[in-house]
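What follows is each chain in one-letter form.
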Protein chains: 6
Amino acid sequence: MYELGVVYRNIQRADASVAEKLATFGSATVHEAMGRVGLMKTYMRPIYAGAQVSGTAVTVLMQPGDNWMLHVVAEQIKPGDIVVAAITTDNTDGFFGDLLATSFQARGARGLVIDAGCRDIRDLTEMGFPVWSRAISSKGTIKSTLGSVNIPVICAAQIIHPGDVIVADDDGVCVVRNAEATQVAEAAAKRAEMEEGKRKRLASGELGMDIYKFRETLAEMGLKYI
Amino acid sequence: MYELGVVYRNIQRADASVAEKLATFGSATVHEAMGRVGLMKTYMRPIYAGAQVSGTAVTVLMQPGDNWMLHVVAEQIKPGDIVVAAITTDNTDGFFGDLLATSFQARGARGLVIDAGCRDIRDLTEMGFPVWSRAISSKGTIKSTLGSVNIPVICAAQIIHPGDVIVADDDGVCVVRNAEATQVAEAAAKRAEMEEGKRKRLASGELGMDIYKFRETLAEMGLKYI
Amino acid sequence: MYELGVVYRNIQRADASVAEKLATFGSATVHEAMGRVGLMKTYMRPIYAGAQVSGTAVTVLMQPGDNWMLHVVAEQIKPGDIVVAAITTDNTDGFFGDLLATSFQARGARGLVIDAGCRDIRDLTEMGFPVWSRAISSKGTIKSTLGSVNIPVICAAQIIHPGDVIVADDDGVCVVRNAEATQVAEAAAKRAEMEEGKRKRLASGELGMDIYKFRETLAEMGLKYI
Amino acid sequence: MYELGVVYRNIQRADASVAEKLATFGSATVHEAMGRVGLMKTYMRPIYAGAQVSGTAVTVLMQPGDNWMLHVVAEQIKPGDIVVAAITTDNTDGFFGDLLATSFQARGARGLVIDAGCRDIRDLTEMGFPVWSRAISSKGTIKSTLGSVNIPVICAAQIIHPGDVIVADDDGVCVVRNAEATQVAEAAAKRAEMEEGKRKRLASGELGMDIYKFRETLAEMGLKYI
Amino acid sequence: MYELGVVYRNIQRADASVAEKLATFGSATVHEAMGRVGLMKTYMRPIYAGAQVSGTAVTVLMQPGDNWMLHVVAEQIKPGDIVVAAITTDNTDGFFGDLLATSFQARGARGLVIDAGCRDIRDLTEMGFPVWSRAISSKGTIKSTLGSVNIPVICAAQIIHPGDVIVADDDGVCVVRNAEATQVAEAAAKRAEMEEGKRKRLASGELGMDIYKFRETLAEMGLKYI
Amino acid sequence: MYELGVVYRNIQRADASVAEKLATFGSATVHEAMGRVGLMKTYMRPIYAGAQVSGTAVTVLMQPGDNWMLHVVAEQIKPGDIVVAAITTDNTDGFFGDLLATSFQARGARGLVIDAGCRDIRDLTEMGFPVWSRAISSKGTIKSTLGSVNIPVICAAQIIHPGDVIVADDDGVCVVRNAEATQVAEAAAKRAEMEEGKRKRLASGELGMDIYKFRETLAEMGLKYI
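Predicted model, so just to flag it, every value in this text is computed and none were measured. (Residues numbered from 1 in each chain as written. Chains lettered and ligands numbered in written order. Predicted model: local features only at pLDDT ≥ 70, side-chain atom pairs only at ≥ 80, totals over all residues. Heavy atoms only, no water.)

Caption draft 1: Region of the structure containing the overall build of chain A. Counting its regular elements, chain A contains eight helices and 13 strands. Along the first, second and third principal axes, the C-alpha atoms of chain A reach 65 × 35 × 35 Å. Counting only residues that meet the buried cut, chain A has 65% of its 226 residues in that class. Nonlocal contacts in chain A, meaning residues at least 24 apart in sequence, comprise 75% of its contacts between residues at least 6 apart. Working note: accessible area of chain A is about 7,600 Å², and carbon and sulfur atoms make up 50% of it. (Helix = DSSP H or I, 4+ residues; strand = E, 2+ residues; numbered from the N terminus. Buried < 20%, exposed > 50% of the residue type's maximum accessible area, 1.4 Å probe, protein only. Contact = heavy atoms within 4.5 Å. Areas by Shrake-Rupley, 256 points an atom, 1.4 Å probe, with all protein chains shown as cover.)

Written out as structure tokens, the structure reads:
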């Protein structure tokens, strides 16, 4: 049950260096490092290809068709943040465009994750301000109802607490709990390193069947070669 | 109720200079200038990123899986037109490809908006002929049933009259009534100018909260800071 | 009814030169040359724009959330193959990423067609390893249940037999039966040649109405010009 | 482009007896009688099975998440009307429930067609007040923005003018222009009568192949029996 | 690759008594008895609740918006058959209604499975002629292009050969290969019997944890109780 | 980030009498009483019409295609509970059927809310065991991976803590926090009582325009009558 009409100003952000570092691993490796959890729904897509960012979440909850709270959340942004915007019901209107992006960027935000629509795609691409959204839509919004800033929100089927770390790239969006960020970064680093070794062996033509020693288990389970 | 089997040759096109100028504002600004109306459904997507065009609508209605009328409409195209194609039922077949695009482009068309599928994406991208469609599909069509050309059609939930102005970009597709095009262009210009000033202030770090004087209203409505 | 737990090693691949040549025509022309059949559903999309490939199918069937068999199929890949992966139920998890792509590429595969999700999009784009998938997802998979390799599979509503030819590009994915590949290549070549002549005439402003002699038939069917 | 903030009180309703009679034919026969046009999208579904109604349209346009105008339209309802509600953007919130249904029913409305969500399904079923909607949702709405009443609206991809006839049943929703209602009723009656004769012959085991004399045409077109 | 324009008259139907008996087990038990395969996509839904049938497949392939071949297939129906209709592309038009149902029923068909739309729902419900379809739509179709009858077709992602057994109920639609029907019926009977015993024990309050002896395995795998 | 492989046995259930009473108000009224929040996505639909229940949540998290944990959760059910099942990724397989329903019912469960598929619809309907699910599917599942029981889960975009109250009916599914259940029940009772008075006045023909005194506000906002 959401608390409406409140703005929390003092939130506990995850460690800045850890929050920034997680981007280097990407959403897939990070979610694996957490035990294959933490991913938003696959309908969340980047508005342009190639962006890969991570940062600390400031959250905002809005009602359908009303983007007023995006101006309220702008004031709460600190450098290194990623804004996570949730709506109380399914809505694809264009809540966010180049003016708000200019403001967010000026405040130091690294991107926006919004469970609604986004517009001014060409401008945002030129500005290099990445957005992950459920839709692209020119549809404008109004400014007449209250929502909240920096409460826990559900966005694309994940719960995000203010200060959590968001990792977003071409593959999707992943959420890392603040308290687990350091540990996840270490696990992700190990995983990435291990994968690097595997990549070389696979590139040389060696098979995963041999590298991972799958043959025996598969035979035991009854796999037949004909 | 559609009139079938007719081609209207003499249509009233919106003023050419106005029709062309609207592209500079983009679909989002234009739809705002009209009072937040006139947008096609968000499932209409450009086949490649970056195109931003406007022009006068010539319309065509077809039955599912039958693209015959696209050849009929080709003859009605004048330079500066955008073809708007509607189908009598949901269908994603590839009604349009590089051959028809070659013909449309030779006739002076600036693009196609089609509530069905499109194919030959790579060729169309190289030709620089933009299409907004509901799907991409190799599925070919037949040529056996009549439709109509230059009747009012419903395309992606908007009604388009021949001669209306179409504004299409990465954000979507917007329709401007012929009779209102000049007035909308003026309103859009004002809006764009106003936004330009806002953009500079926001880029300097000033907040929308202060520029738009939201603080007092929000406080009155009960927004609490904690 | 699928046969589970088997790997067929000796499959009859379509003629390599024919299989390679079909890419030059693209999926739309090839499917037309077959009588407008053979296309996978339009939800199968390339992970990046511009790839156009063809090759012989090696097939793999998997259970939802389990990508183990992709390692098994890797061993069966020969240069010029395209892997076609089917799942026994709808699933969008990220079965395939850069490690498996490295292995597939090392074995000579030209691409992957998978009725599930794909991840590591940025890496795959840089590697130039094209994938057609129903979703993009960071969600990892497990390795615990058997499937099969090189049995006939249903992928995106087409049945694919091992050794069939796959043609995939920005427009979609088309399947050509092994036994018909040569004949289809000839028909496609004729069609492409014929289209080339049409393209020139259309580019010069000539109308399809005249080139295809549609006027008389349309008049007989009752098309009225007003 | 919608006109916002207006209520048209004097609309030209289609002839009451014709409007009522069309229900007896059903949406499928009526749309056939009009030349296979006039159907709303198939996502419009009845909230319970078995209702089959027709009546004159009073229309209402609303913004997403705001059902205020349903109270405004209630006052414009006359016995025999069906309310047609459109929203300016895709929205599935529950705009309509048992209280409004009580009011609509007291005013003589025969049903509601709404391109949004509906709630209180059990109550509406018990009241026998049929609704065709795009979704079922408990989500409540607010009362804060103006829309319009009795302007032409686009609902589920059809344009509806106030006073048009709506025919709705388990198969979907069909719109008949006011000016054409009498003629359509006659065509539908003929069609229904003709079908009655066919039904008897088919029930006795006679084949459509013989009744409609399809054999010769099919043979000419090349259908082969093996 | 579909063969177009042919009707196969002599097909090998599965044993009639087996084909009829499979209905008693239902689609879920039958698909389990086959190793969890053979199910059509879940978008195939019955037009009314409660029907549970099985029978031998006669198949038909049609082009979008054209139901001509349903009259051709009617002649090939024998008592105990279920018609399986596939379309060459995604299409939701209403291919089938009460007239064709009257004919199919008179010929002895037990139902229809169609990867397209169906209409006249109320009549079909009263007639007790069950249909599983992907959509309900009043949209009529034409009769102008050839398809085929009794060729193997892909319907809702399953391949169906003429003479295979179809099992359809509220849960969905399952396909059983002709050659495996007897064996599957035996396996399903065993499974049903076994389930009956389980049902009694579960109804008495005994837990599946104990009946299936899950506790030890779960503990070994590390499940912790807190 | 989900905790995997754990079963919490001692959870704080909401007061039983409150939990039971909330059903009488229905999901729409309850969610209004909470400030228009707490609703699951509208894709969650009842498997049969007319059920209206409420109870305390016991939760379960599962991996796609694996229903093992439903047996584990069965043991944790107490009379008056409703099981809430979440899956770590989108999956429509039939996790739940008549055997598990028999067990759940024997343990005193009032229903199941599952963000996946359900089967044995006819049996469940006859048993009167209501299920709200995202799909109906015969597809069986395996029993091989651990999940968790009675951890907080995200189901259809709501977070549910064990012991929260679930209210489910034909309109959808609503979640009430344990700590707020009593207060919400009171607010809902007041709202229901207030609505009862309104219903009578509306049934007598009085307009909401007058009952709620909308006329003046609408006039001030500029609504024009023509």
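After presenting the structure, the write-up continues.
Caption draft 2: Layout of the side chain of S138 of chain E. Along the chain, S138 of chain E falls in the loop between β7 (131–136) and β8 (148–149). On the basis of relative accessible area, S138 of chain E is assigned to the buried category, the value being 2%. At a separation of 2.6 Å, a polar atom in the side chain of S138 of chain E contacts the side chain of S27 of chain D. Sequence-distant contacts of S138 of chain E, that is, excluding residues within four places in its chain, are made with S27, A28, H31, L39, D171 and G172 of chain D together with R119 of chain E. (Polar contact = N/O pair within 3.5 Å; in protein donor to acceptor, adjacent residues only side chain to side chain.)

Caption draft 3: Spatial organisation of the packing of helix α2 (residues 26–33) of chain C against helix α6 (residues 181–203) of chain C. All names here are of chain C. Direction vectors running N to C along α2 and α6 enclose 115°, while the axes themselves pass 8 Å from each other. The orientation of α2 with respect to α6, classified from their angle, is roughly perpendicular. The handedness of the crossing between α2 and α6 comes out as right-handed. Across the interface between the two elements, T29, V30, E32 and A33 of α2 pack against V184, A187, A188, R191 and E195 of α6. Of the residues contributing to the contact of α2 with α6, the split by class is five nonpolar, one polar and three charged. (Axes fitted to C-alpha atoms, helices over the stretch in contact; angles between N-to-C directions. Parallel < 35°, antiparallel > 145°, perpendicular 65-115°, else oblique. Left-handed = near helix turned anticlockwise from the far one by under 90°. Nonpolar A, V, L, I, M, F, W, Y, C, P; charged D, E, K, R; others polar.)

Caption draft 4: Up close: the relation of the copies chain C and chain A. With an RMSD of 0.0 Å, the operation that places chain C on chain A is a rotation of 120° combined with a shift of 0.0 Å along the axis. The transformation relating the two chain copies, once decomposed into turn and shift, fits a three-fold axis. Nearest to the rotation axis, the C-alpha of A49 of chain C is located 6.3 Å from it, this being the minimum over chain C. (Least-squares fit on C-alpha atoms with pLDDT ≥ 70 in both.)

Caption draft 5: Inspection of the interface of chain A and chain B at higher detail. The interface of chain A with chain B comprises 36 residues on the first partner and 34 residues on the second. Roughly 3,100 Å² is buried in total at the junction of chain A and chain B, and carbon and sulfur atoms are behind 59% of that figure. Our count for the chain A to chain B interface comes out at three salt bridges. Its salt-bridge partner being E32 of chain B, residue R119 of chain A comes within 2.9 Å of it at the nearest N-O pair. Residue assignment for the side of chain A that touches chain B shows that the elements contributing at least two residues are β1 (6–7), α3 (68–74), α4 (98–107) and α5 (121–127) of chain A. In terms of residue count, α4 of chain A provides more of the side of chain A that touches chain B than any other element does, six residues in total. Across the side of chain A that touches chain B, the residue classes break down as 13 nonpolar, 14 polar and nine charged. Both β1 of chain A and strand β13 (residues 224–225) of chain B contribute to a ladder of two bridges, which runs parallel. Its bridge partner being in β13 of chain B, V7 of chain A is matched across the sheet by Y225 of chain B. (Buried area = accessible area lost by both parts, 1.4 Å probe. Salt bridge = Lys/Arg side-chain N within 4 Å of Asp/Glu carboxyl O. Pairing = 2+ DSSP bridges.)

Caption draft 6: Highlighting the nonpolar core. Counting residues in hydrophobic clusters, the biggest one holds 162 residues, and the most contacted among them are F96 and F104 of chain B together with F96 and F104 of chain D. Apart from the residues within four sequence positions on either side, F96 of chain D is in contact with L70, A101, F104, L112, G117, C118, R119, L124, F129 and V131 of chain D. (Core = buried A, V, L, I, M, F, W, Y, C linked by side-chain atoms within 4.5 Å.)

Caption draft 7: Geometry of the interface of chain C and chain A. Taken residue by residue, the interface counts 36 residues in chain C and 34 residues in chain A. Between chain C and chain A lies a buried interface of about 3,100 Å² when both sides are counted; carbon and sulfur atoms form 60% of it. For R215 of chain A, the salt bridge is made with E75 of chain C, and the minimal N-O distance between the two is 2.9 Å. Remark: the boundary between chain C and chain A carries 16 residue pairs in polar contact (both at pLDDT 80 or more). Elements with a contribution of two residues or more to the side of chain C that touches chain A: β1 (6–7), α3 (68–74), α4 (98–107) and α5 (121–127) of chain C. The element that contributes the greatest number of residues to the side of chain C that touches chain A is α4 of chain C, accounting for six residues.

Caption draft 8: View of the pattern of salt bridges. Counted under the stated rule, the structure contains 84 salt bridges over all chains. One salt bridge connects R191 of chain A with E195 of chain A, and the closest N-O pair in it is separated by 3.8 Å. Of the two residues, R191 of chain A and E195 of chain A are both situated in helix α6 (residues 181–203); the distance of four residues between them amounts to about one turn of the helix. Here K41 of chain C and D90 of chain E are joined by a salt bridge, their closest N and O atoms 2.2 Å apart.

Caption draft 9: How the structure looks around the pairing of strand β4 (residues 81–87) of chain C. Residue and element names in this part refer to chain C. Across the seven residues of β4, seven count as buried, placing the element largely inside the fold. Here β4 shows two buried faces, one formed by D81, V83, A85 and I87 and the other by I82, V84 and A86. For strand β3 (residues 53–62) and β4, the ladder comprises seven bridges, and the chain directions are parallel. Following the sheet pairing, T56 is matched in β4 by D81.

Caption draft 10: Local environment of unusual backbone geometry. The residue A156 of chain E is not glycine, and still its phi comes out positive at about 50°. Tracing the chain through its elements places A156 of chain E in the loop between β9 (153–155) and β10 (158–160). With relative accessibility at 2%, the residue A156 of chain E sits in the buried group. Positive phi, close to 60°, is recorded for R36 of chain F, a residue that is not glycine. When you line up the elements, R36 of chain F lands in the loop between α2 (26–33) and β2 (45–46). Note on R36 of chain F: relative accessible area 13%, which makes it buried.

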